[in-house]
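Geometric and topological summary
This is what each chain is made of:
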2 protein chains.
Amino acid sequence: MTAKIEGRSRELLEQPNFCFVATLREDGTPHVTPVWVDADGDHVVLNSARGRAWPTNLERDPRVTLTIPNGENMYEYVTIRGRVAEMTEDGADAHIDALAKKYLGQDSYPFRTPDERRIVVRIAPEQVKLWGG
Amino acid sequence: MTAKIEGRSRELLEQPNFCFVATLREDGTPHVTPVWVDADGDHVVLNSARGRAWPTNLERDPRVTLTIPNGENMYEYVTIRGRVAEMTEDGADAHIDALAKKYLGQDSYPFRTPDERRIVVRIAPEQVKLWGG
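Residues numbered from 1 in each chain as written. Chains lettered and ligands numbered in written order. Predicted model: local features only at pLDDT ≥ 70, side-chain atom pairs only at ≥ 80, totals over all residues. Heavy atoms only, no water.

This part is about the confidence of the model for chain A. Mean pLDDT over chain A stands at 97; residues scoring 70 or higher make up 99%. As scored by the predictor, the complex reaches a pTM of 0.97 and an ipTM of 0.96. (pLDDT = per-residue confidence, 0-100.)

Dropping the structure here:
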């Protein structure tokens, strides 16, 4: 079961809106945190660093729900249910720079720490729903 | 284990910011949706209607995480882990009117439908964490 991200839903991902990533903690409780977001072909593309809470949750359980609100009108949002398709360090540094350009207008991600290992997290959407607007 | 919502965290709840409510679906996947929010003594107070997805999830499993970002600076947010303390229809209509005043500047909630039964959902915080800012 896969779903496409099209039309206004895709626009919300392409604009510099935040994505609220809901994952499952080890004890089964839900976790939710805001991150930058991007779309790439059929996937939602997120970026994090090894050891952070939400990608660690996704290594254990790949089921995820994303809510991306229009930052200028929070009554409009897209909700995406899906699963992790890929988590990789390949290309992750270039990808966080691209996100820094999108969100901060900077060519290079300014918050990098010497020991962090960035990862790209690709989510395969299974259901896409647009609300409000 | 209970936690207090104080200082800047409480300000984020008192200002008209949105709250991203993460709950568990029946199949165990995480769900997340934006709602209005309010604080009342030691509880986070939300409002919904019987039959909506997230309060139905909470009737089944009371474990919840809330993320409330500063709408003017999404890099600042408070995350609250907790459990449902109470779900009741008592006072729920007056409470949604108070939220309409806070968020829309209107004395009466304008989106009420004839058949909906509003509910107040009180969350007891177990962990409160302020990020960014």
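Residues and elements named next belong to chain B. Strand order in the open sheet formed by 7 strands is 2-1-5-6-7-4-3, and the pairing between neighbours is antiparallel. Single-partner strands in this sheet number two, and they are strand 2 (30–35) and strand 3 (38–40). The average angle at which neighbouring strand axes cross in this sheet is 35°, direction not considered. Across 6 bridges, the pairing between strand 1 (residues 19–24) and strand 2 is antiparallel. Across the sheet, Phe-20 pairs through a bridge with Pro-34, a residue of strand 2. (Pairing = 2+ DSSP bridges. Helix = DSSP H or I, 4+ residues; strand = E, 2+ residues; numbered from the N terminus. Axes fitted to C-alpha atoms, helices over the stretch in contact; angles between N-to-C directions.)

This part covers the interface of chain A and chain B. With 28 residues of chain A at the contact, the number on the chain B side is 28 residues. When chain A packs against chain B, the two sides together hide about 2,400 Å² of surface, and 65% of this comes from carbon and sulfur. In this assembly, chain A and chain B are joined by 2 salt bridges. We note a salt bridge from Arg81(B) to Asp27(A), for which the minimum N-O separation is 3.1 Å. Among the elements of the structure, strand 1 (19–24), strand 2 (30–35), strand 5 (63–70), strand 6 (73–88) and helix 3 (92–104) of chain A are those that each provide at least two residues to the side of chain A that touches chain B. The element that contributes the greatest number of residues to the side of chain A that touches chain B is strand 5 of chain A, accounting for 6 residues. (Contact = heavy atoms within 4.5 Å. Buried area = accessible area lost by both parts, 1.4 Å probe. Salt bridge = Lys/Arg side-chain N within 4 Å of Asp/Glu carboxyl O.)

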